[in-house]
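The chain contents come next:
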Amino acid sequence: MSLDKYVSFATKSFALPDICIRIRSVLDNPRSSASDLGDLISLDASLTAKVLRLANSSLFRFPSQVESVSKAINIIGGEALYNLVMAETANTAFKYFDTQLINLDKHWFDSVYCGMVAKQLAKASNIRGSERFFVMGILQNLSELVIAKRSPELYKNYIEQDNDMLLGARQIHHFGFTFSNCSGTILESWKLPLVLYYPVMHANDMSRQAADSDIALLALASRVTSMQQNKKTDADIELFLEDIANNSGVNLDDVANAIEFADRETAKISMLIH
């Protein structure tokens, strides 16, 4: 089955919630304020509760209890708020494409872990808008669920095949594309911003890792996640391939700090959104 058919299946099966589009529109309007965002968030009681819990979490360490949505948005920031909404959307999408072939709880935890690592590596690299890496990390393997749901026998053959091929090469061998390429194309079809879908789409493209720091960092975060969360099979994975090392702007100390942060905070954020 072609990539386009999986993308079509994903986009027809799960529509991007209107709140994602509306928040993006408000953020992109220079005349909008935190109050405008607060009015949108307040229409959704569940999202309101999550925003307040996030503002009062250890991630922000605000000295007093935050009780209003507008104040929470001022603390979190508009882009981080958008990322929270996108993360919740991802969680909903993951549940929609649930399949017995994949442990959904582990898949979600690993995705959040990748997002946390990517965010911290981007901060260490002084990349502007590091918060967006949290969303990219979470969504990078969305398509694995889509593919397993749509083509269970093909996916089963993929996971059961035992060979020495690299993961990306094995995905291309079985499906004709990588999971990150499919995920990025789904995000593009959902009309998400270019800065979100483009690095995801090309995360396994080594030539682009050498030319684009966003792609290099996301690829590194994915490798770190595999190393930490799949220690039986990926403990010896090579983190700093030449192209990633040359363009990521981070070193082994930055990676160690990102791992420490993700180990400490992933479970909290996973439960906050889950």
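**Section: the confidence of the model for the protein chain**
Per-chain confidence: the protein chain averages 85 in pLDDT, with 91% of residues scoring 70 or above. Ranking the helices and strands of the protein chain by mean pLDDT puts helix 9 (residues 142-150) first, with 96, and helix 16 (residues 231-234) last, with 61.

**Some remarks on the pattern of salt bridges**
One pass over the structure, following the stated rule, counts 8 salt bridges. Between D110 and K106 there is a salt bridge, and its shortest N-O distance comes to 2.6 Å. Placement of the pair is D110 and K106 together in helix 7 (residues 104-124), with a separation of 4 residues, close to one helical turn. The class of D110 is buried, set by a relative accessible area of 16%. Notably, a salt bridge pairs R264 with E265, separated by 3.3 Å at the nearest N-O pair. Assessed through its relative accessible area of 39%, R264 is described here as partly exposed. Judged by relative accessible area, E265 falls into the buried class, the value being 2%.

**Describing the packing of helix 4 (residues 45-55) against helix 18 (residues 252-273)**
At their nearest, the axes of helix 4 and helix 18 sit 10 Å apart, and the two run at 160° to each other. Considering their axes alone, helix 4 and helix 18 lie roughly antiparallel with respect to each other. In terms of crossing hand, the pair formed by helix 4 and helix 18 is right-handed. Here K50, R53 and L54 of helix 4 come into contact with helix 18, specifically with I269, L272 and I273. Partitioned by chemical class, the residues of the contact of helix 4 with helix 18 number 4 nonpolar, no polar and 2 charged.

**A word on the packing of helix 7 against helix 15 (residues 213-229)**
One can describe the packing of helix 7 onto helix 15 by two numbers: an axis separation of 8 Å at closest approach and a directional angle of 130°. As judged from the angle between their axes, helix 7 and helix 15 are oblique. Of the two possible hands of crossing, helix 7 and helix 15 adopt the one that is right-handed. For the pair helix 7 and helix 15, contact is made by K106, F109, D110, Y113, C114, V117, A118, L121 and A122 and by L217, L218, L220, A221, S222, V224, T225, Q228 and Q229, respectively.

**Notes on the environment of V224**
By the element assignment, V224 lies in helix 15. Look at V224 and you get buried, because its relative accessible area is 0%. With 187 residues separating them in the primary sequence, V224 and L37 have C-alpha atoms 34 Å apart.

**A few points about unusual backbone geometry**
Here N126, not a glycine, exhibits a phi torsion of approximately 60°, which is positive. By the element assignment, N126 lies in the loop between helix 7 and helix 8 (132-139). Positioned with a positive phi, K191 is a non-glycine residue whose angle comes to about 65°. Tracing the backbone shows K191 in the loop between helix 12 (179-189) and helix 13 (194-201).

**Focus on helix 2 (residues 18-27)**
Turning to helix 2, its buried residues number three or more, namely I19, C20, I23, R24 and V26. Buried residues of helix 2 fall within an arc of 160° about the axis and therefore sit on the same side. In the core, the buried residues of helix 2 are packed alongside helix 3 (34-41), helix 4 and helix 6 (78-96).

**Let's talk about the packing of aromatic side chains**
In this description, an aromatic ring pair is defined by two values, namely the gap between the centres and the angle between the planes. For the coordinates displayed, the defined rule picks out 11 aromatic pairs. Judged by centre distance (5.8 Å) and plane angle (70°), the ring pair of Y6 and F177 falls under edge-to-face. Here F177 lies in the loop between helix 11 (167-175) and helix 12 and Y6 lies in helix 1 (residues 3-13), a separation of 171 residues in the sequence. Accessibility classification places Y6 together with F177 in one group, the buried group. Between Y158 and F179, the ring centres sit 5.4 Å apart and the planes meet at 75°, which makes this aromatic pair edge-to-face. Here F179 lies in helix 12 and Y158 lies in helix 10 (residues 152-160), a separation of 21 residues in the sequence. Ring pairing ties together the aromatic residues Y6, Y155, Y158, F175, F177 and F179, which thus form one cluster. Looking at R170, its charged tip hangs above the ring of Y158, at a distance of 4.6 Å from the centre.

Cut-offs and rules
- Residues numbered from 1 in each chain as written.
- Predicted model: local features only at pLDDT ≥ 70, side-chain atom pairs only at ≥ 80, totals over all residues.
- Heavy atoms only, no water.
- pLDDT = per-residue confidence, 0-100.
- Helix = DSSP H or I, 4+ residues; strand = E, 2+ residues; numbered from the N terminus.
- Salt bridge = Lys/Arg side-chain N within 4 Å of Asp/Glu carboxyl O.
- Buried < 20%, exposed > 50% of the residue type's maximum accessible area, 1.4 Å probe, protein only.
- Axes fitted to C-alpha atoms, helices over the stretch in contact; angles between N-to-C directions.
- Parallel < 35°, antiparallel > 145°, perpendicular 65-115°, else oblique.
- Left-handed = near helix turned anticlockwise from the far one by under 90°.
- Contact = heavy atoms within 4.5 Å.
- Nonpolar A, V, L, I, M, F, W, Y, C, P; charged D, E, K, R; others polar.
- Arc of directions from axis to C-beta.
- Phe/Tyr/Trp six-rings, centres within 6.5 Å; stacked < 30°, edge-to-face > 60°.
- Lys NZ or Arg CZ within 6 Å of the ring centre and 35° of its normal.

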